[in-house]
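# Observations on the model geometry
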Amino acid sequence: MTPATTAPVGYTTGSTVSTSTPVASTTKVVAGTATSLSIFGYSSNVTSGTSFKLIISALDADGNIATGYRGTVRFTSTDTSSPALPSNYTFTSDDAGVHFVNAGTLNGAGSQTITINDVDSGSISTATASVTVTAATVSATVSAVSASPSSVTADGVSVSVL
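Residues numbered from 1 in each chain as written. Predicted model: local features only at pLDDT ≥ 70, side-chain atom pairs only at ≥ 80, totals over all residues. Heavy atoms only, no water.

Turning next to the overall build of the protein. Within the protein, the regular secondary structure consists of zero helices and 13 strands. Its helices and strands taken in sequence order, the protein reads β-β-β-β-β-β-β-β-β-β-β-β-β from the N to the C terminus. Considering the protein as a whole, with its 162 residues, one finds that 31% of them fall into the buried category. Once local pairs closer than 6 in sequence are excluded, the contacts in the protein between residues at least 24 apart make up 54%. For the protein, the exposed surface amounts to about 9700 Å²; the carbon and sulfur share of it is 55%. (Helix = DSSP H or I, 4+ residues; strand = E, 2+ residues; numbered from the N terminus. Buried < 20%, exposed > 50% of the residue type's maximum accessible area, 1.4 Å probe, protein only. Contact = heavy atoms within 4.5 Å. Areas by Shrake-Rupley, 256 points an atom, 1.4 Å probe, with all protein chains shown as cover.)

With that out of the way, let us pick up the sheet that holds strand 7 (residues 89–90). On the basis of which strands lie adjacent, the open sheet formed by five strands has the order 4-10-9-6-7 and mixed pairing. Here the strands that pair on one side only, and so sit at the sheet edges, are strand 4 (45–47) and strand 7. Pairing of strand 4 with strand 10 (residues 127–134) involves three bridges; the strand directions are parallel. Bridging from a neighbouring strand, Val-46 pairs with Val-133 of strand 10. (Pairing = 2+ DSSP bridges.)

Okay, the environment of Ala-127 next. If you trace the backbone, Ala-127 turns up in strand 10. Under the relative-accessibility criterion, Ala-127 is labelled buried at 6%. Distance from Ala-127 to Ser-57, taken between C-alpha atoms, is 9.5 Å for residues 70 residues apart in sequence. Setting aside residues no more than four positions away along its own chain, Ala-127 makes contact with Leu-37, Ser-38, Ile-39, Ile-114, Thr-115 and Ile-116.

Along the polypeptide, Gly-63 turns up in the loop between strand 5 (52–59) and strand 6 (72–77). Sequence separation between Gly-63 and Ser-36 is 27 residues; the distance between their C-alpha atoms is 8.6 Å.

With that settled, consider the confidence of the model for the protein. For the protein, the average pLDDT comes to 80, and 70% of its residues sit at 70 or higher. Within the protein, strand 1 (residues 12–16) has the poorest average pLDDT of any element, 41, and strand 7 the best, 97. pLDDT under 50 marks residues 1–18. Its contacts with residues more than four places away, or in other chains, come to 34 contacts. (pLDDT = per-residue confidence, 0-100.)

What follows is about the sheet that holds strand 8 (residues 98–104). Overall, antiparallel pairing links the three strands, which are arranged 3-5-8 in an open sheet. Single-partner strands in this sheet number two, and they are strand 3 (36–40) and strand 8. With direction set aside, neighbouring strand axes in the sheet form an average angle of 30°. By the bridge criterion, six bridges tie strand 5 to strand 8 in an arrangement that is antiparallel. The residue of strand 8 that forms the bridge with Lys-53 is Asn-102. (Axes fitted to C-alpha atoms, helices over the stretch in contact; angles between N-to-C directions.)

See the structure below:
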C-alpha cells in the first residue's frame with residue numbers, strides 16, 4: 001500500500017488558483033487492512049478493585065483507523081491477583097475500528113500491564129497499556145471482619161488470639 005499523502009478524513013487542504021484565491025477541498029483517506037492494535041484513553045493510575053475504562057482501536061500501516069477491522073481481541077494482564085478483565089471482543093461494523101471498553105478491575109498493587117492481541121491473526125501487532133495500581137483503603141462498608149473466641153479474621157487473613 002502506498003503511504004497516504006492526503007489529509008485525514010474531515011480535514012481540508014488548500015490549493016491556489018491563478019488568482020491566488022484559496023480553494024478548499026476535502027480529501028478522504030481510505031484506511032487499509034489492520035496491522036496493529038492500539039490502547040488509549042485510559043487512566044495510568046487506578047485503585048485496586050476499581051473498574052476503569054479504555055479505548056481500543058485497530059490501525060493500518062500508516063496509523064489510520066482500520067474501519068473495516070472485524071477481528072476478535074483477547075485481554076490479558078500481568079496482574080496475578082485475580083484481575084477481572086473483559087471477555088474476548090469481536091469488532092463489528094458499528095465500531096468502525098474503535099471500541100470503548102470497561103476494562104474491569106486490577107487488584108495487584110504496583111505496576112501492571114494490560115495487553116490486547118488479535119486471537120485469529122499473528123500478523124497484527126499487539127498493544128499494551130501500563131497502569132499503576134494503588135492499594136485500596138480498608139472501608140467499613142467494603143471490608144469484612146469476623147471473630148470467634150480464639151481467632152479474628154479480617155479480609156480473609158486470620159490471626160490467633162490467646
